[in-house]
Amino acid sequence: MNRPVHLYRNARVFTSDRRPWAESLVVVGDRIAYVGDDATALRVAGPDALIHDLDGATVLPGFVDGHAHVVGTGEAAGQVDLWGANSVAEIQRRIRTWAEDNPDAPRVLATGWKHGDIPGGRLPDRGMLDAVVADRPVYAQAYDFHSIWLNSAALAEVGIDDSTPSPPGGTVHRGAGGAATGLVDETAMHHLVWPVLDGFSTDADRDEALAVALAAYAESGVVGSTEMALGEDDYAAMRRADAAGTLTTRIGAFWRVQPTGDKARNLAQVERAVALAAHHATPFLRVTGIKVMVDGTVDGCTASLGKPYVDGTNADPIWSLAELAPVVAAADAAGLQVAMHAIGDEATRVAIGAVEQAVALNGPKERRHRIEHLEVVDRADIDRLAALGITASMQPVHADPAVQENWRRVLGDERVERGFPWPELTDAGATLALGTDSPTSPHAPLPNMFIAATRRSALDPSLPANLAHYALPLAAAIVHATRDAAWASRSEHLHGRISEGLYADFIVLDRDIFARPLDELLHARVLRTVVGGRAVHHVDAAHHVEPVHHVEPEVNR
């Protein structure tokens, strides 16, 4: 079968590879055949190639989001947007407006409020939501997706009352009289609220949410994403899209393993991930490991710390080392990756300890385990994780100064001066994979790179930098968000670099981000996103987006 040949020439190509710069690339079918100089590319492409003169444009490998929630990103796009509300009054106004504009909606779903939006360090309560919508349930997800805020109707809908117990690792918050306040966090949210909300969604809803996320990815230059909480329903939606040829972002997925308090039930979840990893893998969809939540978040004071928060409180890990170690060892023995959410330093020590036990039990082998977030981490533990080959998976958007006020306030001591220490991890020899954790943060990669390279805010660029000495060189940040993010989910054989033999997954920008001020990362546009040799997003010279409809399955898919 004849495969089309495309020559992309007269460009400034950043490869994220050993030879970082090139002028041209040749694509044969869905793969890259050559990367180098214009003259050689012309000879390799041959006389029948379709030539794309890029007029000096900058070409990058497509971004690989190192940590995301793909279907959730699409779902959040259709909810009340509470990002930047910054006050209870503004949260109430946005929810009231949406409810009035959608009188037939059976419930109100919102996302994006911050703990710091509630003045005086107070916690949200249902009365604040009842005051604006009392006739139907309101569910307001915190921006970090570790807490959810319900009105009275929502509490009744999910069956939470004043006698509902809090499960291990989570809290149904109560007032002075023991009444449920409407704030539910961590495993209490996972077990009591999310299953009810999931039951209201149909397969068609999930298919639409996935399509919304894929369109947003294509427009912003994301060609790969690392799904960090895969469950049965979302996986089914992804498989449907993959079979239909509409999955235009390659997904490496980590199966969510919930703590049950029972070792056999915990290990049964690992076995499900083992089965999925062994079957159904395609160039667009793979299950590569498991995900566990070792703790919560600093903002919600549920991250597990070595010493207490400024108010004297602390949080236990969601998984103890004794409970986690058998799960990590079983996944490790089966060849799965393990991704462990650990934001606090004590949770990080639990995660490292579990990997140490797996190495001792299973012996030498190739392994690529990961710790997600690492916002508060001791220098000694950085050396430990690097020596074990543990990947540091981190998200520059979480260090945005616009969302740091409450984070710094609840820590309140010298720990705030070492938050998100990316260069310390790379200097110790750890692989650093960058992502966004969308929808807990915006998914767009170029503003994410702005924060990585400046430690300034993409949401409010007027704010001072957050520990500017921890900024990364722009080229290094892009490597961590392309090559290293692909490696961290075992997809380096697919993409992450512009290199011969890999899939032709790359993007074309409207400006040279390496030659212009870093602030231009906030305004740069992706003119073309190519996945497997096909443009899934293209803006013409007049900046009109050309629609991309059905995508045929790839050759050798």
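The preceding data block contains the structure.
A. Here's a closer look at the environment of Gly 169. Inspection of the secondary structure assignment puts Gly 169 in the loop between α5 (152–158) and β13 (170–174). Measuring from C-alpha to C-alpha, the distance between Gly 169 and His 191 comes to 11 Å, with 22 residues separating the pair along the chain. Filtering out sequence-adjacent residues up to four positions away, Gly 169 remains in contact with Glu 186, Thr 187 and Ile 318.

B. Main features of helix α15 (residues 445–454). When you tally the buried positions in α15, you get 9 out of 10 residues, the bulk of the element. Those residues of α15 not exposed but buried are Pro 445, Leu 446, Asn 448, Met 449, Phe 450, Ile 451, Ala 452, Ala 453 and Thr 454. With its phi angle positive at about 60°, Arg 455 sits one or two positions after the end of α15.

C. Broad picture of the pattern of salt bridges. The final tally for this structure, using the stated rule, is 39 salt bridges. We note a salt bridge from Arg 93 to Glu 90, for which the minimum N-O separation is 2.8 Å. Pair noted here: Arg 93 and Glu 90 are both in helix α3 (residues 88–101), with a separation of 3 residues, about one helical turn. Relative accessible area serves as the criterion here: at 40%, Arg 93 is assigned to the partly exposed category.

D. Inspection of empty space enclosed by the protein at higher detail. Scanning the model with the defined rule gives 2 cavities of 30 Å³ or more in all. Taken as a whole, the largest cavity holds about 70 Å³ of empty space. As for the largest cavity, its lining consists of Phe 63, Val 64, Asp 65, Val 222, Leu 434, Gly 435, Thr 436, His 443, Pro 445, Asn 448, Met 449 and Ala 481. Listed by contribution, the elements that provide at least two residues to the lining of the largest cavity are β8 (63–68) and α15. If you add up the space inside the second largest cavity, you get close to 50 Å³. When contributions to the lining of the second largest cavity are tallied by element, the ones reaching two or more residues are β15 (222–230) and β16 (250–256). For the lining of the second largest cavity, the element with the most residues is β16, which contributes 3 residues. Residues of the lining of the second largest cavity, tallied by class, amount to 5 nonpolar, 6 polar and 2 charged.

E. Molecular detail of the sheet that holds strand β10 (residues 108–113). With mixed pairing, the 6 strands of this open sheet are ordered in space as β9-β10-β11-β12-β14-β13. For this open sheet the edge positions go to β9 (80–81) and β13, each flanked by a neighbour on one side alone. Here β13 pairs with strand β14 (residues 180–186) via 4 bridges, running antiparallel. Paired with Arg 174 across the two strands is Ala 180, which belongs to β14. Relative to β10, α3 is tilted by about 150°, and along the sheet it contacts β9, β10, β11 (138–142) and β12 (147–150). Strands in contact with helix α6 (residues 187–200) are β10, β11, β12, β13 and β14; relative to β14, the strand with the most contacts, it is inclined by about 100°.

Here is what the cut-offs are and how they apply
- Per chain, the residues get numbers from 1 upward, laid out in the order the sequence is written.
- Note on the predicted model: pLDDT of at least 70 is required for a residue's local features to be given, and 80 or more for side-chain atom pairs to be given and counted; whole-chain, interface and lining totals, by contrast, use all residues.
- Processing note: side-chain calculations cover all non-hydrogen atoms of the structure and skip hydrogens and water entirely.
- Counting from the N terminus, the helices are the DSSP runs of H or I reaching at least four residues and the strands are the DSSP runs of E reaching at least two.
- When checking whether two residues touch, look at their non-hydrogen atoms; a contact exists if any pair is within 4.5 Å.
- The cut-offs for exposure are 20% and 50% of the maximum accessible area for each residue type, with area from a 1.4 Å probe on protein chains only; residues under the lower value are buried, those over the upper are exposed, and the others partly exposed.
- Within this document, salt bridges are pairs made up of a side-chain nitrogen of Lys or Arg and a carboxyl oxygen of Asp or Glu, the two lying within 4 Å of each other.
- The way it works is a 1 Å grid over only the protein atoms, where trapped points that fit a 1.4 Å probe form a cavity and open points with protein on both sides within 12 Å along at least five of seven lines form a pocket, and then any residue with an atom within 4 Å of a point lines it.
- Grid points are joined across faces, edges and corners, and a volume is the space filled by probe spheres set on the points.
- Here the nonpolar group is Ala, Val, Leu, Ile, Met, Phe, Trp, Tyr, Cys and Pro; Asp, Glu, Lys and Arg are the charged ones; every other residue, Gly included, is treated as polar.
- Whether two strands pair comes down to DSSP finding at least two bridges between them.
- All axes here are fitted lines through C-alpha atoms, helices being fitted over the stretch that makes contact, and every angle between N-to-C directions spans 0 to 180 degrees.

Just geometry here; none of it tells us what the structure is for.
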